[in-house]
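Residue-level structure breakdown
As a plain string of letters, each chain reads:
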Amino acid sequence: MLTKIITAYNEAVFDTDRDQALEIIHQAVAEGITPEDIVFKVVIPAMELMIKSISEDFDANLAQHFMASQIASQVTDEMVAKFQTSPHVVGTVILGTSHGDMHTLGKRIVSGCLRSLMIEVVDLGVNIPAEQFVEAALTHNASVIAISSMMMHTARSELGCLKVREILKNKNLEDKIKIVVGGAPYRWDPHLYQAVQADAWAEDGITAGKVIKELIMEMQK
Amino acid sequence: MPTLVLSTAGKTLHLTCTAQQSVLEALTTAQIKISSACAGHGFCGLCKITLKAGVVSQLTAIEQDKLSQSQIAQGTRLACQVYPGSDLTLTIENTLNTLSWKRLSSLDKILLNEQDSYAIALDLGTTQLRLSLWNLTQQRRVMAWLIFNPQYQFGADILNRLTAAQSLDNATEMLLLIQQAIKKIIRVIAKLIPLAQLKKLYVVGNTAMLALLAQKNYLSLLNPTYWSQYLDCTITNVSAWQTALGLTATTDIATVPPLAGFIGSDLLAGLFSTGLMRDTRCRLLIDFGTNSEMALWDGSKLWISSVPGGPAFEGCGISCGMPVGEGAIYQIAAPSSSNWDYKVIGHSKPLGLCGSGLVDVIAHLISTRQLQRNGRFTTKEAKEISLPLSATVALAIKKQDIDIFQQAKAATGAAIVQLFKQSGVPLAAIETLFVCGAFGQFLTIENAQAIGLLPPLAAEKIQLYQNSALKGCELLLSRPQSLGSLSEIRAKTTLLNMSYVLNFDECFVENLYLQPMQF
Ligand code: B12
Ligand code: FES
């Protein structure tokens, strides 16, 4: 029965049909599938399938990305609340839009993708000063700071990623906390992440999930 | 050093290029006109060349992303990505032949004489400059011209230009480029009227363009705190300007102040010329451009917003795209036979699609079910769809082109929907919708409505309105007292910054879908 649910759910996600996807999940719960199975056997594999199809054929369709991540995070949130024991989280990420930047959409997709991969996300919001990123990382014991910038000048700004790097350096935190960046300007110039001294970048939310998960795993080793 | 052999405009040129220089750098150093709107970063896709002979660096991932398979097969490359490995023979696909002034409206000789007073109106747009010679005494236009904004090489959108202007050299260069362009046309005007009779030169434009022109405050625009405030863009060194333009001391030179933040005086001028606020009936104005502005008059208050309409509407970032100009396909429809019915600007062969052509193509692909409303091709494996225009010419639309267009459309569409929501004006109350901007002038209304770029209003309520800012600037020259009513307009205006509008992002996602706008 699970295979049938998986196929139907994948199809709904691929067609960006949120109502259909949610209905399939609710139906499955009603039929006795555990919330754990839904997250680990349906939602996460679907996300990974998307990662695979995107990395094989690098086409990014925004409507699809957005819906896929929104559906996945909505289902995950709903199911996690019903888990018998609290789930094992992979790690914690601090997420926000850089100083001077109010674009929220890219960040929301990234957040959805991360949460559906069982990574805890602390979303600070938009227009976040560098100091706040680092403070939050320390408070929440996070190993990654993820900064979204949608404009060239906010990506390059001395008050943005560069400043976060400077603070990490001064506080000797560079081994404990990594910086990941993303957003439109990084897609225009694939070397930009190095120029702003980030550790990694990702082209879209789904790849962001993969990159950040790998980074966390590596640091835990 | 490798030699580049270039055939352009019927001439053959020889120039040298170092191995460290991209072909784009070599061409711009030699002052060869080639389209480029991203300073060689590789995201505008406009700097296309076709290689005829020679060895070059390999195709980059950027080129694979920006060029269609047929373009790649033909030897098309992006000049900014190509480094020469030997002598090369090449042609330029998108030459910037619009770097000289073109006629926008013809000369009205009756308005020429020695006694009348004259003035110049200038609409300083991010993409184009529109300028007219105005007879102040008779309050009529003598002639108008159009030129591509020569600052384009610093980036297609205002933020790229402002970012470039962080270097003082660039900022000065951008000012000089505009002054040189105006000076060229003033030489033409000097043959029509005595320059001593030229009393005024007024400039309208968006805030960033005006601030760069006045060489003040432009860097504040990189900081969002200033986006809803009034910014001083007055030209203070008028005599230096008069000298630079070759004008006499009788010509007053001034910028018309912007309304606030990103809402420039070009929109303001458009409000005057369309008569948007002339009585208590509701009207909507949409000015499509790199930044799209929209103004909704509810009978007593004005609701304004500005969103990144996206250079996508001007062909930027689209594989087969180009700005409105010579060779651009601006309207396209599939007739029953296999060939397409298309209209090209000027007399040249079709070179690419400008924004309105792209709207037609997308609407066609949707109606023939080759494209789904979420932006995916119906044939899931297809990476591009080829459109045979004729036996010899074909265009290809890539998935990425649709994606970029969808985002620009969604930002504009969502802002229109929000403007109605926030003001509480029902769609049915709109008496007239004025569609302005270079992109707007050729739009096929049904197609734009079918994919959700324009609201679903009856066709007779929609007016494609050209040169709204230039016409408004002329009105201001004749009735400078209207400038006094500026503060009145400001008092009636509510600026809606979509960054602060709750649920804008949901609305944006809804508007990504290629379907009629939902209210
Ligand atoms: C929607 C939009 C807006 C909306 C934002 C609504 C909102 N709540 O977010 C509104 C209308 C408010 C807006 C305002 C402005 N915008 Co805007 N906007 C856009 C637009 C059309 C789409 C951006 C978007 O959200 N895309 C959808 C997301 C999901 O895609 P994405 O951003 O690429 O994100 C993906 C990846 O990049 C990645 N990712 C994103 N973040 C991160 C973070 C990490 C850590 C990782 C790993 C990955 C990652 O994953 C995401 C999902 O796959 C773009 C054009 C474009 N094509 O990008 C312009 C654009 C970004 N805007 C631009 C501009 C100029 C502005 C304004 C200045 C315009 C104005 N006149 O006011 C203001 C600035 C406001 C501010 N202070 O931030 C320019 C920037 C130009 C430049 N040279 O830098 C753009 C590029 C348009 C253009 N070419 O002119 N904008
Ligand atoms: S200049 Fe080459 S892609 Fe923009």
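The model shown is predicted, which means the values in this text are computed figures rather than measured ones.

**Digging into the overall build of chain A**
- Each helix and strand in chain A was counted, giving 11 helices and 5 strands.
- In summary, chain A has a C-alpha radius of gyration of 18 Å against a globular reference of 17 Å for 221 residues, a match within 12%.
- With respect to the three principal axes, the spread of C-alpha positions in chain A is 55 × 35 × 30 Å.
- By residue count, 55% of the 221 residues in chain A fall in the buried class.
- In chain A, 76% of the contacts between residues at least 6 apart in sequence involve partners at least 24 apart.
- Put simply, chain A shows about 9,800 Å² of open surface, and 51% of that area lies on carbon and sulfur atoms.
- Counting 19 positive and 29 negative side-chain charges, chain A places the averaged centre of each group 5 Å from the other.

**Here we look at the sheet that holds strand 15 (residues 328-333) of chain B**
Residues and elements named next belong to chain B.
- Across the sheet, 3 strands lie side by side as 16-15-17; this open sheet has mixed pairing. Of all the strands in the sheet, the pair left with one neighbour each is strand 16 (341-344) and strand 17 (352-353).
- Pairing analysis gives 4 bridges linking strand 15 to strand 16, with the strands arranged antiparallel. Among the inter-strand pairings, Gln 331 is bridged to a residue of strand 16, identified as Lys 343.
- Sheet contacts for helix 9 (residues 355-367): strand 15 and strand 17; angle to strand 15, the most-contacted strand, approximately 25°.

**Some points on the interface of chain A and chain B**
- Across the contact, 23 residues belong to chain A and 29 residues belong to chain B.
- Of the roughly 2,500 Å² buried between chain A and chain B, counting both surfaces, carbon and sulfur atoms make up 60%.
- Applying the counting rule to chain A against chain B returns 2 salt bridges.
- The salt bridge partner of Arg 108 of chain A is Glu 506 of chain B, with a shortest N-O separation of 3.3 Å.

**A few points about the packing of aromatic side chains**
All names here are of chain B.
- Following the criterion strictly, the structure yields 9 aromatic pairs over all chains and no others.
- A ring pair is formed by Tyr 330 and Phe 442, whose centres lie 4.2 Å apart and whose planes are at 35°; its orientation type is tilted. Taken as a pair, Tyr 330 in strand 15 and Phe 442 in the loop between strand 20 (430-436) and helix 11 (445-450) lie far apart in primary sequence, 112 residues in all. For the pair Tyr 330 and Phe 442, one class covers both residues: buried.
- What links up through ring pairs into an aromatic cluster is the set Phe 288, Phe 313, Phe 405 and Phe 439.
- Between Lys 471 and the ring centre of Tyr 465, over which it is positioned, the NZ or CZ distance is 4.4 Å.

**With respect to helix 6 (residues 130-139) of chain A**
Residues and elements named next belong to chain A.
- Three or more residues of helix 6 are buried, namely Ala 130, Phe 133, Val 134, Ala 136 and Ala 137. Buried positions in helix 6, seen along its axis, are confined to an arc of 165° and lie on one side of it.
- In the core, the buried residues of helix 6 are packed alongside strand 1 (92-98), strand 2 (120-128), strand 3 (144-148) and helix 8 (161-170).
- Looking one or two residues beyond helix 6, the residue adopting positive phi is Asn 141, at roughly 55°.

**Concerning the nonpolar core**
- Within the largest apolar cluster, 116 residues are counted, with the highest numbers of intra-cluster contacts made by Tyr 9 and Ile 212 of chain A together with Phe 288, Leu 443, Leu 454 and Phe 508 of chain B.
- If you tally residues by element for this core, the top one is helix 10 (residues 399-423) of chain B, at 11 residues.

**As for the coordination of the cobalt atom of ligand 1**
- For the cobalt atom of ligand 1, the sole protein-derived donor is His 103 of chain A (NE2), lying 2.3 Å away.
- Topologically, His 103 of chain A is positioned in the loop between strand 1 and helix 5 (105-116).

**Side note on helix 9 of chain B**
All names here are of chain B.
- With 13 residues, helix 9 extends 18 Å between its outermost C-alpha atoms, agreeing within 8% with the 18 Å of an ideal straight helix rising 1.5 Å per residue.
- Of all 13 residues that make up helix 9, 11 are buried, and the element is covered over most of its length.
- Among the residues of helix 9, Gly 355, Ser 356, Gly 357, Leu 358, Val 359, Asp 360, Val 361, Ile 362, Ala 363, His 364 and Leu 365 are the ones counted as buried.

**Notes on empty space enclosed by the protein**
Residues and elements named next belong to chain B.
- Scanning the entire structure with this criterion turns up 5 cavities of 30 Å³ or more.
- Here the largest cavity is characterised by a volume of approximately 400 Å³.
- As for the largest cavity, its lining consists of 24 residues, and the residues nearest its centre are Asp 123, Asp 287, Phe 288, Gly 437 and Ala 438.
- Broken down by secondary-structure element, the contributors of at least two residues to the lining of the largest cavity are strand 8 (128-135) and helix 12 (468-478).
- The residue inventory of the lining of the largest cavity, partitioned by class, reads 5 nonpolar, 13 polar and 6 charged.

**A short note on the domain arrangement of chain A**
Residue and element names in this part refer to chain A.
- Domain boundaries in chain A define domain 1 (2-80) and domain 2 (91-219).
- Taking the mean C-alpha position of each, domain 1 and domain 2 sit 25 Å from one another.
- Contacts between domain 1 and domain 2 engage 21 residues on the former and 15 residues on the latter.
- Arg 115 is the partner of Asp 77 in a salt bridge, and the nearest nitrogen-oxygen pair spans 2.6 Å.

**A short note on the pattern of salt bridges**
Residues and elements named next belong to chain B.
- If you walk through the whole model with that rule in mind, you get 16 salt bridges over all chains.
- In this structure, the salt-bridge partner of Glu 431 is Arg 281, at a minimum N-O distance of 3.1 Å. Of this pair, Glu 431 sits in strand 20 while Arg 281 sits in the loop between helix 8 (265-274) and strand 12 (282-287), and the two are 150 residues apart along the sequence.
- Among the residues examined, Glu 431 registers a relative accessible area of 25% and is labelled partly exposed.
- Overall, Arg 281 belongs to the partly exposed group, its relative accessible area being 44%.
- By sharing partners, the salt bridges in this structure join Asp 279, Arg 281, Arg 283 and Glu 431 into a single network.

**Topic: the pairing of strand 8 of chain B**
All names here are of chain B.
- The buried count for strand 8 comes to 8 of 8 residues, which makes it a mostly enclosed element.
- As defined by bridge partners, strand 7 (residues 118-124) adjoins strand 8 across 7 bridges and the pair is classed as antiparallel. If you follow Ile 120 over to strand 8, its bridge partner there is Leu 133.
- The loop that links strand 7 with its antiparallel partner strand 8 comprises 3 residues.

Calculation criteria
Residues numbered from 1 in each chain as written. Chains lettered and ligands numbered in written order. Predicted model: local features only at pLDDT ≥ 70, side-chain atom pairs only at ≥ 80, totals over all residues. Heavy atoms only, no water. Helix = DSSP H or I, 4+ residues; strand = E, 2+ residues; numbered from the N terminus. Rg over C-alpha atoms; globule rule 2.2 N^0.38 Å. Buried < 20%, exposed > 50% of the residue type's maximum accessible area, 1.4 Å probe, protein only. Contact = heavy atoms within 4.5 Å. Areas by Shrake-Rupley, 256 points an atom, 1.4 Å probe, with all protein chains shown as cover. Lys, Arg positive; Asp, Glu negative; His and termini not counted. Charge placed at Lys NZ, Arg CZ, Asp CG, Glu CD. Pairing = 2+ DSSP bridges. Axes fitted to C-alpha atoms, helices over the stretch in contact; angles between N-to-C directions. Buried area = accessible area lost by both parts, 1.4 Å probe. Salt bridge = Lys/Arg side-chain N within 4 Å of Asp/Glu carboxyl O. Phe/Tyr/Trp six-rings, centres within 6.5 Å; stacked < 30°, edge-to-face > 60°. Lys NZ or Arg CZ within 6 Å of the ring centre and 35° of its normal. Arc of directions from axis to C-beta. Core = buried A, V, L, I, M, F, W, Y, C linked by side-chain atoms within 4.5 Å. Donors = N, O, S within 2.8 Å, 3.2 Å for Na, K, Ca; no water. Expected span 1.5 Å × (residues − 1). 1 Å grid on protein atoms, 1.4 Å probe; cavity = no way out; pocket = protein on both sides within 12 Å on 5 of 7 lines; lining within 4 Å. Points joined across faces, edges and corners; volume = space filled by probe spheres on them. Nonpolar A, V, L, I, M, F, W, Y, C, P; charged D, E, K, R; others polar. Domains from an automatic or database assignment.

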